[in-house]
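Analysis of the macromolecular model
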Amino acid sequence: MTVVGSIAFDAVKTPWGERDRLLGGSAVHFALAASFFGDVRVVGPVGDDFGEEEYAVLHARGVNTEDIERVAGGKTFFWSGEYEYDLNTRLTHETQLNVFADFQPKLSEASRESDLLFLANIQPELQREVREQCPRTRLVALDSMNLWIETARDSLVRTIEGVDCVLINDAELRQLTARPNLVQAAREVMDWGPHTVVAKQGEYGAAMLTREGYFSLPAYPLESVIDPTGAGDCFAGGFLGYLAAHPDEDLSHDALRRAMAYGTALASFNVEEFGTERVQRLTGEEIAERVSELRRFTEFVDAPVPLRS
Ligand code: AMP
């Protein structure tokens, strides 16, 4: 898998505490989650302030950082945001693109030949430049957010036209299409080109529309949620990770449903602590256990009852 997206320092405030400098970024959260399933290569720039400690977090999970470009004299992407009691809604205080402002991606041969490509949240034209360098990829998925819908919608739509799967927040899907109904909004995006749309619904789970049908999975019922930052990217990491682990499987509705269960499991771990802390300590056994618990939500007794007309 190859991912392009933000590599960041985040300042995050939630009702349970605050941190002023966490390793974050959409590409970092994705890479750590996806690393449980296969090889991951990260594409993107960092500044001088991105040190050995940050690289070590990625290397500890076997993430390939050869395509991370260190810009001398540059500063790493910075984001700060806040959540109130409703953790589904977040307020962005500040976004500093820094080294991303004039980044021109040049992918190595190995990154261009990846089986799967994730265009994590970042400027849409940058996502497109990366997509164009990977013409043979089996599946290209994309995420985005309100900032890009508000400031670069036309470019984002062009980028979406060239991908297979869009994974995006439900509110952002509505904003992108100006359609209040989620199914209609997903259909509109599918009319632009993608065969699959996944609407992430925070603590309510995620819903998926493919050309074969509809599927929805609730979130794992956690008693304690500390920081939702990166949940969407970890969802994508589990989702694409499952597909990467099955290179010969068709990208059928059923395969994508199974991928949703892995996405849901990975996202649930990420929100249990600040930043990447929980995922750094995660084990494959813990993931497998949570997926098998999730399986119970999708099995129910099909006992027919006599219905009156
Ligand atoms: P998520 O919670 O999955 O949407 O992703 C959170 C991550 O996205 C944080 O670690 C931020 O560094 C990063 N982020 C926030 N805003 C942006 C943006 N406009 N473009 C790219 N990445 C962003």
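Up top is the structure.
Described in the following lines is the structure provided in the data block. Computed from a predicted model, the values in this text were never measured in an experiment.

1. So, the overall build of the protein
On a plain count of helices and strands, the protein comes out with 12 helices and 13 strands. For 309 residues, the compact-globule estimate of 2.2 N^0.38 gives 19 Å, and the protein sits close to it at 19 Å. On the principal axes, the C-alpha backbone points of the protein span a range of 75 × 40 × 35 Å. Residue pairs at least 24 apart in sequence account for 64% of intrachain contacts in the protein once pairs closer than 6 positions are excluded. Here the protein displays about 14,100 Å² of accessible surface, and carbon together with sulfur accounts for 47% of that area. Across the protein, the mean location of the 29 positive side-chain charges is 4 Å away from that of the 50 negative side-chain charges.

2. What about the sheet that holds strand β10 (residues 165–169)?
Spatially, the nine strands line up as an open sheet ordered β5-β4-β1-β8-β9-β10-β11-β12-β13, and their pairing is mixed. Looking at strand neighbours, the two that pair on one side only are β5 (68–70) and β13 (213–217), the edges of this open sheet. Between one strand and the next, the sheet's axes are offset by a mean angle of 15 degrees, whatever the strand orientation. Where strand β4 (residues 41–46) and β5 come together, three bridges link them in parallel fashion. Paired with G44 across the two strands is I68, which belongs to β5.

3. Focus on helix α10 (residues 253–270)
Taking 1.5 Å as the rise per residue, α10 with 18 residues should run 26 Å; its terminal C-alpha atoms sit 26 Å apart, in good agreement. Most of α10 is tucked away: 14 of the 18 residues are buried.

4. Digging into the pairing of strand β12 (residues 206–210)
Extensive coverage of β12 is indicated by the burial of five of its five residues. Alternating residues of β12 divide into A206, M208 and T210 and A207 and L209, and every residue in both groups is buried. Across five bridges, the pairing between strand β11 (residues 196–200) and β12 is antiparallel. Across the sheet, V197 pairs through a bridge with L209, a residue of β12. Adjacent in sequence and paired antiparallel, β11 and β12 are bridged by five residues, among which G202 carries a positive phi angle near 55 degrees. Where β12 and β13 come together, five bridges link them in antiparallel fashion. Among the inter-strand pairings, L209 is bridged to a residue of β13, identified as Y214.

5. Concerning the packing of aromatic side chains
Within the structure shown, the criterion is met by nine aromatic pairs. Ring centres 5.2 Å apart and planes at 90 degrees place the aromatic pair F50 and Y55 in the edge-to-face group. Both residues of the pair, F50 and Y55, count as buried. A centroid spacing of 6.1 Å and a plane angle of 20 degrees characterise the contact between F235 and F239, whose relative ring orientation is stacked. Of this pair, F235 and F239 are both found in helix α9 (residues 231–244), four residues apart, which corresponds to roughly one turn of the helix. Just as F235 is buried, F239 falls in that class too. Through pairs of rings, three or more aromatic residues link up here, namely F9, F50 and Y55. Sitting over the face of the ring of F36, R61 holds its NZ or CZ atom 3.7 Å from the ring centroid. Directly above the aromatic system of F269 lies the positively charged group of R290, at a separation of 3.9 Å from the ring centroid.

6. Structural notes on the nonpolar core
Counting 60 residues, the largest nonpolar core has V3, F30, F118, L167, F239, L240 and M260 as its most contacted members. Filtering out sequence-adjacent residues up to four positions away, M260 remains in contact with V198, A206, A207, M208, F215, L217, F235 and F239. Formed by 40 residues, the second largest nonpolar core is a distinct cluster that contains V130, C134, V166 and V189.

Scoring rules and cut-offs
- Residues numbered from 1 in each chain as written.
- Predicted model: local features only at pLDDT ≥ 70, side-chain atom pairs only at ≥ 80, totals over all residues.
- Heavy atoms only, no water.
- Helix = DSSP H or I, 4+ residues; strand = E, 2+ residues; numbered from the N terminus.
- Rg over C-alpha atoms; globule rule 2.2 N^0.38 Å.
- Contact = heavy atoms within 4.5 Å.
- Areas by Shrake-Rupley, 256 points an atom, 1.4 Å probe, with all protein chains shown as cover.
- Lys, Arg positive; Asp, Glu negative; His and termini not counted.
- Charge placed at Lys NZ, Arg CZ, Asp CG, Glu CD.
- Pairing = 2+ DSSP bridges.
- Axes fitted to C-alpha atoms, helices over the stretch in contact; angles between N-to-C directions.
- Expected span 1.5 Å × (residues − 1).
- Buried < 20%, exposed > 50% of the residue type's maximum accessible area, 1.4 Å probe, protein only.
- Phe/Tyr/Trp six-rings, centres within 6.5 Å; stacked < 30°, edge-to-face > 60°.
- Lys NZ or Arg CZ within 6 Å of the ring centre and 35° of its normal.
- Core = buried A, V, L, I, M, F, W, Y, C linked by side-chain atoms within 4.5 Å.

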